[in-house]
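Each chain is listed here by its residues.
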Amino acid sequence: MISETSIHEILEQQRVFFQSGKTQSLSFRISQLKLLQQSIKENETKICQALKADLNKPEFEAFSSEIILVLKEIEYCIKNLNKWTKPQKAKVPWQLLPASAKIYPEPLGVVLIIGTWNYPFQLVITPLIGAIAAGNCTIIKPSELAPHTSSLISKLIAKYFQPEYITVIEGGVETSQKLLSQKFDHIFFTGGTAVAKIIMEAAAKNLTPVTLELGGKNPCIVDTDIHIAHTARRITWGKFINAGQTCLAPDYLLVHTNIKENLISAIQKCIQEFYGNNLAISPDYGRIINQKQFDRITNLLKGNKIVFGGETNREQLYIAPTLIENISLADSIMQEEIFGPVLPIIEYTDISEAITLINSLPKALALYLFSNNKNLQQKVLQTTSSGTVCLNETVMHIGVSSLPFGGVGDSGIGSYHGKFSFDTFSHYKSVLHNPFWLDLKWRYAPYTKGKLSFLKRLIGY
C-alpha cells in the first residue's frame, strides 16, 4: 500500500512539472491526446479482456460503451482544441474606453480523478481527456472493485506517459483517504452519493473545487402515442446493458395504463430476442460486479411481484433481467438507485400523476420520455428537473460530445464531455488592458465639486 509520504512526493513532482509550463503548450496537449489515442488502439484487446474479467462484459459492449466513446471524445477534442484555447474577446462599457478585455482559459494545475467500477475504463479516461486538453497534470485513482481494469490502466499510463505528468495510484478506501488529505487543484469523482459526500467534505478543507458525477433514480415515462416495438427495444437495451449497472439506465418505468400490458409483453419479447431463452448462458449478458452488490440487488426483489425474470445465481453473480410491478413509493426498491437488472413498472392515468411522483424524489441524472405528443414533451421538460433528458431514446446521449453530461442536485455537481470537459479543468482568467495614451482624471482624488454629478451623468444615473 502506498504511503502518504509517497503520494505527497508524486504530487510535488507533478507540481514542479506543471510549473515548468510544458503542459500549457497547444502542441504538447495535442501530442499527449494522440499518445492516449495510440495507447488505446494498440491495447484494445487487453482492455476488452480486462472488462470481461471484471464484469463479464461482452466484447461488443466493451468496445461500444468504453473504447469507441473514448476514441471519439479524443478526436473531438483534437479537432476543436485550437479554438478552445484562444483568448475570447469581451465587451467593455463605453465609459471605460479605450480599455479592452479578454478571457484567457488556463489550466488549474494538478488534478485528481477518482474512477468507478461499472465502466471502469471509460469513466476514468474520458475525464482524463479533459484534463489533458486543458493543460493539467493528473493523478488517477481507478476503482479497486474492477481490479483487472485498474491494473491495466496503471500499466498503460506508466508505459506511455511520464509519471510527473500523469500517474496512476491503485488501492482501496485507505488510498483514497490519503489522496484526499492532499491539496489538489480539482477533484473529479464518479460514483455514489455516499462517497461523494465524503469527497466533498475532504475537498472543502482545502477549498478544492469538485466535479461529482453521480446517479439516481432515472424515471422513464411511456405515453400512449409511441411506436411500441421501438420503445420496448430502446428501453430494454438502456436498462439491461452492462447487467443494469449503468448510472444512466432507466431506474423505473411510469407507463400509461392503456399501454402497460402491451409494453410489458413487448419488453419480454425484446429480452428474449437479445439474450435468448436461456439467459444464464448468453454470451451477450454481463454479470454483477461482486457478491456485495449481488446481495443488495436481490434483497430489493424480496416481497415484490415479479412478472418476468427473477432468476439468480450468487456463485456466478447472475441476476436475470427482471420486471416487477405493483410498486409504491414506500417500497425499498424506490428508496435507492437500483443499479442492477431490475425494472419496476408503475402505471399512471394522467401525466400530472407521473410528474408529481418524479418531483417527489431527488433530481435524477437522466429523464426519459417516450411520446410523439409535442405538448406533452414540453410539459415534462418544463415541470421536471434532471441532469439530462432523452426523448424517445435511452442512454445514447452520452455519446454526443457537444452536449454537457452531468447531474443536478443529488445526481451530481458540474458536467463534462467535449468543450465542457475543457471548461471543467480550466480557469477562465479575466484580463483588462488599458493603454497609456489617455488617462482622464475624473475617478481620482481629490473629489472636487462637480465630480460626483459628472460620474452620475456618465453612467446614466
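These numbers come from a predicted model, not from an experiment.

This part covers the packing of aromatic side chains. Two descriptors summarise a pair of aromatic rings, namely the distance from one centre to the other and the angle between the planes of the rings. Tallied over the entire structure, the rule returns 13 aromatic pairs. Each ring, one from phenylalanine 28 and one from tyrosine 165, has its centre 5.1 Å from the other, and the planes form 70°; the classification is edge-to-face. A residue pair is termed long-range when its members are at least 10 positions apart, and phenylalanine 28 in helix 2 (residues 26–42) and tyrosine 165 in the loop between helix 6 (147–160) and strand 5 (166–168) qualify at 137 residues. Accessibility expressed as a relative area gives 8% for phenylalanine 28, which makes it buried. Centre to centre, the rings of phenylalanine 188 and phenylalanine 425 are 5.8 Å apart; their planes meet at 25°, and the pair counts as stacked. Of this pair, phenylalanine 188 sits in strand 6 (residues 186–190) while phenylalanine 425 is found in the loop between helix 14 (419–424) and strand 18 (426–433), placing the two residues 237 residues apart along the sequence.

Here the focus is helix 7 (residues 173–180). Those residues of helix 7 that fall on the buried side of the exposure criterion are Thr175, Ser176, Lys178, Leu179 and Leu180. Structurally, helix 7 contributes buried residues whose contacts are with helix 1 (4–19), strand 3 (110–114), strand 4 (137–141), strand 6 and helix 8 (193–205).

Moving on: the side chain of glutamate 73. Residue position: glutamate 73 is located in helix 4 (residues 59–85). Despite its burial, glutamate 73 pairs with no opposite charge, the nearest such side chain being lysine 72 at 10 Å. From its side chain, glutamate 73 meets the backbone nitrogen of glycine 418 in a polar contact 2.5 Å long. If we ignore the near neighbours within four places in the chain, the residues touching glutamate 73 are Thr126, Ile129, Ser401, His417, Gly418 and Ser421.

Checked against the element boundaries, serine 411 lands in the loop between strand 16 (386–391) and strand 17 (412–413). Look at serine 411 and you get buried, because its relative accessible area is 0%. A polar side-chain atom of serine 411 sits 2.8 Å from the main-chain carbonyl oxygen of valine 408. In this view, serine 411 contacts Leu212, Glu213, Leu214, Gly215, Lys363, Ala364 and Leu365; residues no more than four positions away in its chain are not counted.

Once that is clear, we can look at the domain arrangement of the protein. Along its sequence, the protein is organised into domain 1 (4–214 + 411–429) and domain 2 (219–399). Each of domain 1 and domain 2 has a C-alpha centre, and these two points are 31 Å apart. Listed as interface residues are 16 residues of domain 1 and, on the opposing side, 19 residues of domain 2. For the pairing of domain 1 and domain 2, the buried interface totals around 1600 Å² over both sides, and the portion due to carbon and sulfur atoms is 56%. Area buried by domain 1 at its contact with domain 2 is led by Glu61, Trp117 and Ser411, which between them contribute 30% of it. Put simply, domain 1 and domain 2 have zero salt bridges between them. Taken together, the connections running from domain 1 to domain 2 amount to eight residue pairs in polar contact (both at pLDDT 80 or more).

The next thing to look at is the sheet that holds strand 5. Pairing between the strands of a sheet comes from backbone hydrogen bonds, and it takes one of two forms, parallel or antiparallel. Taking strand neighbours across the sheet as the criterion, the six strands line up as 5-4-3-6-7-17 in an open arrangement whose pairing is mixed. Every interior strand has two partners, whereas the edge strands, strand 5 and strand 17, have only one. The pairing of strand 6 with strand 7 (residues 210–213) spans four bridges and is parallel. From the neighbouring strand, isoleucine 187 faces strand 7, where its bridge partner is valine 210.

Another point: a nonpolar patch on the surface. A cluster of nonpolar side chains, namely Leu452, Leu455, Ile459 and Tyr461, defines an oily patch on the protein surface of about 470 Å² accessible area. Following the sequence through the fold, tyrosine 461 ends up in the segment after helix 15 (451–458). The exposure class assigned to tyrosine 461 is exposed, which follows from its relative accessible area of 74%.

With that out of the way, let us pick up the UniProt feature "domain: Aldehyde dehydrogenase" (unreviewed entry) in the protein. The sites that carry the UniProt feature "domain: Aldehyde dehydrogenase" (unreviewed entry) are, in the present numbering, residues 5–431. Taken end to end, residues 5–431 has its terminal C-alpha atoms 38 Å apart, with 43% of it in helix and 19% in strand.

Turning our attention to the packing of helix 12 (residues 351–359) against helix 13 (residues 374–383). For the pair helix 12 and helix 13, interaxial distance at closest approach is 11 Å and the crossing angle is 25°. As summarised for this structure, helix 12 and helix 13 are arranged roughly parallel, according to the angle between their axes. As for the relative orientation of helix 12 and helix 13, their crossing is right-handed in sense. Residue-level inspection shows Ile351, Ile355 and Asn359 of helix 12 in contact with helix 13, the latter providing Leu376, Lys379, Val380 and Thr383. Looking at the contact of helix 12 with helix 13 residue by residue, the classes come out as four nonpolar, two polar and one charged.

In the sheet, strand 1 (residues 88–90) pairs with strand 2 (residues 100–107) via three bridges, with the strands oriented antiparallel. Each residue of the ladder has a partner; that of alanine 90, found in strand 2, is alanine 101. Pairing analysis gives eight bridges linking strand 2 to strand 18, with the strands arranged antiparallel. Bridge assignment links lysine 102 to a residue of strand 18, and that residue is valine 431.

Let's shift gears to the environment of glutamate 75. By the secondary structure assignment, glutamate 75 is in helix 4. Taking relative accessible area as the criterion, glutamate 75 reaches 37% and is therefore assigned partly exposed. Each C-alpha atom, one on glutamate 75 and one on glycine 244, is 29 Å from the other, the two residues being 169 residues apart in sequence.

On to the packing of helix 2 against helix 5 (residues 122–134). Their axes nearest at 8 Å, the elements helix 2 and helix 5 cross at an angle of 155°. Looking at the two axes, helix 2 sits roughly antiparallel to helix 5. Crossing of helix 2 over helix 5 shows right-handed handedness. Between helix 2 and helix 5, the contacting residues are Arg29, Gln32, Leu33, Leu36 and Ile40 on the first element and Ile125, Leu128, Ile129, Ile132, Ala133 and Ala134 on the second. The class makeup of the residues in the contact of helix 2 with helix 5 is nine nonpolar, one polar and one charged.

Reading the values: the criteria
Within each chain, residue numbers correspond to sequence positions counted from 1 in written order. With pLDDT at 70 or above as the cut-off, local features in this predicted model cover only qualifying residues; side-chain atom pairs require 80 or more to be listed or tallied, and sums for whole chains, interfaces and linings still use all residues. Calculated side-chain values reflect all of the structure's heavy atoms, with hydrogen atoms and water omitted. Each Phe, Tyr or Trp ring, with Trp reduced to its six-membered ring, pairs with another whose centre is within 6.5 Å; inter-plane angles below 30 degrees give stacked pairs, above 60 give edge-to-face pairs, and intermediate values give tilted ones. A helix here means a DSSP run of H or I that spans at least four residues, while a strand means a run of E at least two residues long, and both kinds are numbered starting from the N terminus. Each residue's exposure class comes from its accessible area (1.4 Å probe, protein chains only) as a fraction of the maximum for that residue type: buried when under 20%, exposed when over 50%, partly exposed otherwise. When checking whether two residues touch, look at their non-hydrogen atoms; a contact exists if any pair is within 4.5 Å. The positive count covers Lys and Arg only, the negative count covers Asp and Glu only, and His and the chain ends enter neither. Only one rule defines a salt bridge in this text: a Lys or Arg side-chain nitrogen within 4 Å of an Asp or Glu carboxyl oxygen. Throughout this description, a polar contact denotes any pair of N or O atoms lying within 3.5 Å of each other; where both atoms belong to protein, one of them has to be capable of donating a hydrogen while the other can accept it, and for residues adjacent in sequence the pair is counted only when both atoms sit in side chains. The source of the domain bounds is an automatic or database domain assignment. Here the quantity called buried area is the accessible surface, traced with a 1.4 Å probe, that two parts lose on coming together, added over both. Between any two strands, at least two bridges found by DSSP are needed for them to pair. Patch building starts from residues that exceed 30% relative accessible area and form no salt bridge, then joins like charges within 9 Å and nonpolar side chains (Val, Leu, Ile, Met, Phe, Trp, Tyr) within 5 Å. Only the protein chains shown count as covering a residue, and every accessible area follows the Shrake-Rupley method with a 1.4 Å probe. UniProt positions are given in the numbering used here, feature names are shortened, and annotations may be inferred rather than shown by experiment. Interaxial angle, 0 to 180 degrees, is taken between N-to-C directions of lines fitted to C-alpha atoms, where a helix line uses only the stretch in contact. Here roughly perpendicular refers to angles of 65 to 115 degrees, roughly parallel to angles under 35, roughly antiparallel to angles over 145, and oblique to all remaining angles. The hand of a helix crossing depends on one turn: near helix anticlockwise from the far one by less than a right angle means left-handed, and clockwise means right-handed. Three classes are used: nonpolar for Ala, Val, Leu, Ile, Met, Phe, Trp, Tyr, Cys and Pro, charged for Asp, Glu, Lys and Arg, and polar for all others, with Gly counted as polar.

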